[in-house]
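# Structural features, examined
So you can see what is in the structure, the chains are spelled out below.
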Number of protein chains: 2
Amino acid sequence: MINTPYLLFLGDAPDMLAAKVAIGIRDWRPENALGQIRLPGCGADLGLADLTLEEAKAAGAKTVVIGVANRGGVISAAWKEVLVKALEMGFDLASGLHNLLRDEGDLVAAAQTYGGTLHDVRVPTVGYPIANGIKRSGKRCLAVGTDCSVGKMYTAMAMEAEMTARGMKATFRATGQTGILITGHGVPLDAVVADFMAGSVEYLTPDNDPEHWDMIEGQGSLFHVSYSGVTLALIHGGQPDALILSHEPTREHMRGLPGYALPTLEQLRDAALPLARVSNPACQVAGVAVNTQHMDEVEARVYLDKVEAEMGLPATDPYRFGSGTLVDALAAI
Amino acid sequence: MINTPYLLFLGDAPDMLAAKVAIGIRDWRPENALGQIRLPGCGADLGLADLTLEEAKAAGAKTVVIGVANRGGVISAAWKEVLVKALEMGFDLASGLHNLLRDEGDLVAAAQTYGGTLHDVRVPTVGYPIANGIKRSGKRCLAVGTDCSVGKMYTAMAMEAEMTARGMKATFRATGQTGILITGHGVPLDAVVADFMAGSVEYLTPDNDPEHWDMIEGQGSLFHVSYSGVTLALIHGGQPDALILSHEPTREHMRGLPGYALPTLEQLRDAALPLARVSNPACQVAGVAVNTQHMDEVEARVYLDKVEAEMGLPATDPYRFGSGTLVDALAAI
């Protein structure tokens with residue numbers, strides 16, 4: 001667990017694209033985002049208060065979260081100056097960078113001296129069990145994609161928000177570093193050792209109230225040859241009661257795999273549902289989440305209507321048109 | 001690569017069941033098995049010459065392989081006496097035990113002093129890439145099972161032996177510790193970090209002669225919720241041209257998962273083939289390998305005939321009746 005609330009460190013991010021993690025925290029857990037801290041030349045702005053470390057401390061911030069990608073895989077001297085001072089002042093640090101906080105001697109030394117914690121959320125900190133397949137109480141929903149990066153995390157986040165607003169019990173369960181930083185906990189599934197992948201998902205989504213929904217963050221795709229094993233571990237460890245099919249209709253090939261065509265939504269359904277029913281025979285496909293960012297509104301509406309008719313399922317772009325119809329479908333399960 | 005030939009260390013194994021690794025080496029790579037070394041009370045006997053370390057050295061053995069499971073997860077003082085002496089004499093050590101050679105201070109010290117290598121084959125030693133999905137030359141065969149431990153490794157080994165005997169080009173590719181110790185190389189797939197699983201299989205089965213077959217050792221099952229992600233990484237990283245369906249017909253539930261029924265061979269085919277065709281559209285199911293050890297010969301023959309008729313595929317028990325019909329099927333691809 002990462003202590004909240006956060007001060008979001010934007011460093012010298014050249015633009016908003018580099019600040020994806022910070023944007024996710026601001027959008028999905030605004031109560032965790034007390035303010036931002038920026039270095040000279042920073043081209044990103046979250047629209048939050050610019051706070052000094054002292055001001056953030058006074059406001060109750062507990063952890064400085066590195067909310068940006070860094071350049072060239074190094075944590076620069078300019079960054080270090082702020083981060084070491086934050087540790088001296090009693091903050092914890094949290095990061096999803098590939099280069100780890102724990103590999104930086106000055107950060108380790110300051111953390112030890114001042115009693116702070118360095119959270120490298122890409123690295124598992126738990127000895128996960130091997131999955132036992134025992135049926136757990138409570139309900140679970142998992143988004144499975146035709147490809148990577150089609151909006152699975154966003155869909156789960158949006159549905160969790162809608163469910164909470166309706167008074168349903170729902171918890172987003174993070175399986176990637178962005179989701180872990182946003183919520184403060186989770187499993188960095190892509191860094192878990194093979195034998196323990198499904199077990200880590202069981203660990204992440206334990207027994208719960210019968211009417212509670214775990215909204216599990218999806219990863220990869222059954223059709224993406226680089227990461228499909230991670231996806232299947234999520235399906236089998238997660239024991240989903242409901243699958244949401246996620247798709248980006250304008251993509252020309254699988255992400256990072258020229259020559260690999262995306263599957264159709266029907267192919268995705270036909271591959272995922274029988275596998276999901278191995279661990280949860282009651283699993284059903286509840287709806288379709290489409291990322292329509294590269295379509296105009298008319299195109300998007302026409303496409304969604306077509307998917308609804310063809311698949312016999314509610315279809316929406318949760319970002320553009322809300323996730324209400326998907327949540328309606330879960331509520332009916 | 002582990003240096004061969006081996007001296008097989010049987011320790012104080014209570015019985016032959018504990019000597020599975022040593023039996024595998026003797027059966028599949030007899031040229032690597034120069035002899036055995038046993039401690040007082042050893043209840044296992046491979047039928048090989050009992051050699052002292054000195055005799056094994058004189059005969060050209062390069063590595064002492066721990067060919068047995070140990071008790072209680074400790075490497076005993078009695079074992080250590082032999083293993084340290086082996087290092088002093090210039091042997092390497094190789095082990096697939098959960099408790100690692102490298103965690104034993106006296107073995108590490110002796111290895112450093114005398115220049116020997118400690119091979120813990122459960123631990124990856126290579127920084128594997130993320131899979132790129134690029135089509136590789138040469139042919140590949142993968143056994144996929146209805147369950148774990150249904151004879152997938154044995155099937156690949158038996159087929160490799162038959163293919164070699166026929167003058168076909170074939171290489172067994174180990175993905176588990178037993179296979180790695182038998183052949184001296186491979187990828188310990190269950191210990192690879194999730195993101196790199198499929199990439200490690202690509203690494204294991206590189207470009208080859210067009211008519212060469214990699215016989216890839218299968219792991220887990222698409223229907224085994226604890227390990228299915230490993231299986232799918234094998235399917236997508238391996239780009240198999242041919243799948244062999246592996247089955248043990250008398251098993252009452254999935255291994256270690258009471259309440260989980262085994263899938264039928266049809267269900268296995270219908271799940272595995274579409275997924276395999278993602279990375280290799282030409283993939284086909286070539287045959288069925290059945291482990292009939294719990295059936296008498298008449299039962300086994302009747303069962304295999306039934307499977308052949310129902311599946312329209314050659315079906316055999318490679319251990320009991322040979323793998324010739326499966327190899328015929330590969331030769332026709």
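Refer to the preceding data block for the structure.
This text gives an overview of the structure that appears in the document.

Conventions used here
- Residues numbered from 1 in each chain as written.
- Chains lettered and ligands numbered in written order.
- Predicted model: local features only at pLDDT ≥ 70, side-chain atom pairs only at ≥ 80, totals over all residues.
- Heavy atoms only, no water.
- Helix = DSSP H or I, 4+ residues; strand = E, 2+ residues; numbered from the N terminus.
- Buried < 20%, exposed > 50% of the residue type's maximum accessible area, 1.4 Å probe, protein only.
- Contact = heavy atoms within 4.5 Å.
- Buried area = accessible area lost by both parts, 1.4 Å probe.
- Salt bridge = Lys/Arg side-chain N within 4 Å of Asp/Glu carboxyl O.
- Polar contact = N/O pair within 3.5 Å; in protein donor to acceptor, adjacent residues only side chain to side chain.
- Nonpolar A, V, L, I, M, F, W, Y, C, P; charged D, E, K, R; others polar.
- Least-squares fit on C-alpha atoms with pLDDT ≥ 70 in both.
- Pairing = 2+ DSSP bridges.
- Axes fitted to C-alpha atoms, helices over the stretch in contact; angles between N-to-C directions.
- Core = buried A, V, L, I, M, F, W, Y, C linked by side-chain atoms within 4.5 Å.
- Right-handed = clockwise from strand over helix to strand, strands pointing away.
- Disulfide = S-S within 2.5 Å.
- Expected span 1.5 Å × (residues − 1).
- Parallel < 35°, antiparallel > 145°, perpendicular 65-115°, else oblique.
- Left-handed = near helix turned anticlockwise from the far one by under 90°.

The subject of this paragraph is the environment of E297 of chain B. All names here are of chain B. Here E297 is to be found in helix α10 (residues 297–311). Residue classification places E297 among the partly exposed residues on the basis of a relative accessible area of 43%. Along the chain, E297 and R320 lie 23 residues apart, while their C-alpha atoms are 9.0 Å from each other. In this view, E297 contacts R320 and F321; residues no more than four positions away in its chain are not counted.

All right, on to helix α8 (residues 228–238) of chain A then. For α8 of chain A, the buried fraction is high: 11 of the 11 residues fall into the buried class. Every buried residue of α8 of chain A is accounted for by S228, G229, V230, T231, L232, A233, L234, I235, H236, G237 and G238 of chain A. Elements that come into contact with the buried residues of α8 of chain A comprise β6 (139–145), α7 (197–204), β8 (213–216) and α9 (265–279) of chain A together with α7 (197–204) and α8 (228–238) of chain B. Of the residues one or two after α8 of chain A, Q239 of chain A is the one with positive phi, at around 45°.

Let's shift gears to the interface of chain B and chain A. Facing the 31 residues of chain B at the interface are 31 residues of chain A. Contact between chain B and chain A buries roughly 2,500 Å² in total, counting both sides, with carbon and sulfur atoms accounting for 62%. Counting across the chain B and chain A interface gives zero salt bridges. Taken together, the connections running from chain B to chain A amount to 10 residue pairs in polar contact (both at pLDDT 80 or more). Taken together, the elements giving at least two residues each to the side of chain B that touches chain A come down to α7, α8 and α9 (265–279) of chain B. Take the side of chain B that touches chain A: its biggest share by element is six residues, from α8 of chain B. Along the lines of polarity and charge, the residues of the side of chain B that touches chain A split into 20 nonpolar, nine polar and two charged.

With that settled, the discussion passes to the relation of the copies chain B and chain A. With an RMSD of 0.0 Å, the fit of chain B onto chain A corresponds to turning through 180° and sliding 0.0 Å along the axis. A rotation of that kind, with that shift, is consistent with a two-fold axis. Interface overlap between copies: 100% of the residues of chain B at the interface are likewise at the interface in chain A, consistent with a symmetric, same-surface contact.

A word on the sheet that holds β6 of chain A. All names here are of chain A. Reading across from one edge, β7-β8-β6-β9-β10-β11 is the order of the six strands in this open sheet, with parallel pairing throughout. Where the open sheet ends on each side, the last strands, each with one partner, are β7 (170–173) and β11 (315–316). Of the strand pairs in this sheet, strand β9 (residues 242–247) and strand β10 (residues 284–290) are connected by six bridges, and their pairing is parallel. Note on β10: the bridge partner recorded for L245 is V288. Of the strands in this sheet, β6 and β8 touch α8, which is tilted by about 165° from β6.

Let us now look at the nonpolar core. Within the largest apolar cluster, 94 residues are counted, with the highest numbers of intra-cluster contacts made by L222 and L243 of chain A together with L222 and L243 of chain B. For L222 of chain B, the contacting residues outside a window of four places in its chain are L232, H236 and L275 of chain A together with G145, S228, T231, L232, I235, A271, A272 and L275 of chain B.

Right, let's talk about the pairing of strand β3 (residues 63–66) of chain B for a bit. Consecutive side chains of a regular strand alternate in pointing toward one face of the sheet and then the other. Residue and element names in this part refer to chain B. Neither face of β3 is left uncovered, since the one carrying T63 and V65 and the one carrying V64 and I66 both have all their residues buried. Where strand β1 (residues 6–11) lies against β3, four bridges are found, and the strand directions are parallel. Bridging from a neighbouring strand, Y6 pairs with T63 of β3. Relative to strand β4 (residues 92–95), β3 runs parallel, the two being bridged by three bridges. Residue pairing across strands places V64 opposite L93, the latter belonging to β4. Once the chain exits β3 it traverses helix α3 (residues 77–88) before rejoining the sheet at β4, and the crossover so formed is right-handed.

Residue and element names in this part refer to chain B. Note that M89 resides in the loop between α3 and β4. For M89, a relative accessible area of 23% puts it in the partly exposed group. With 27 residues separating them in the primary sequence, M89 and G116 have C-alpha atoms 9.1 Å apart. Not counting residues within four places of it along the chain, the set of residues in contact with M89 comprises L53, E54 and K57.

With that settled, the discussion passes to unusual backbone geometry. A cis amide bond links T4 of chain A with the next residue in sequence, P5 of chain A, at an omega value of 0°. Within the element layout of this structure, P5 of chain A appears in the segment before β1 (6–11). Look at S149 of chain B: it is not a glycine, yet its phi comes out positive at around 55°. Note on placement: S149 of chain B falls in the loop between β6 (139–145) and α5 (152–165). Here Q239 of chain B, not a glycine, exhibits a phi torsion of approximately 45°, which is positive. Mapped onto the elements, Q239 of chain B comes out in the loop between α8 and β9 (242–247). Judged by relative accessible area, which is 0%, Q239 of chain B ranks as buried.

Residues and elements named next belong to chain B. Under the counting rule described, the total for this entry stands at zero disulfides over all chains. Of the cysteine sulfurs around C148, a residue in no disulfide, the closest is that of C141, at 19 Å. Judged by its relative accessible area of 9%, C148 falls in the buried class.

Residue and element names in this part refer to chain A. For helix α10 (residues 297–311), spanning 15 residues, the distance from its first C-alpha to its last is 21 Å, which sits close to the expected 21 Å at 1.5 Å a residue. Where α10 is buried, its residues touch β9, α9, β10, β11 and α11 (318–321). Between the side-chain oxygen at the start of α10 and the backbone nitrogen of V298 there is a gap of 3.1 Å, and the oxygen is on D296. Directly beyond the C-terminal end of α10, a positive phi value near 65° is found at G312.

Turning to the packing of helix α3 (residues 77–88) of chain A against helix α4 (residues 105–114) of chain A, a few remarks are in order. Think of two packed helices as two axes; the pair is described by the angle between the axes and how far apart they sit. All names here are of chain A. Closest axis-to-axis distance for the α3/α4 pair is 8 Å, and the angle between their directions is 15°. On the basis of their axis angle, the class for α3 and α4 is roughly parallel. The element α3 and its partner α4 pack so that their crossing is right-handed. Here α3 contributes K80, L83, V84, L87 and E88 to the contact with α4, which in turn contributes D106, L107, A110, A111 and Y114. Grouping the constituent residues of the contact of α3 with α4 by class yields seven nonpolar, no polar and three charged.

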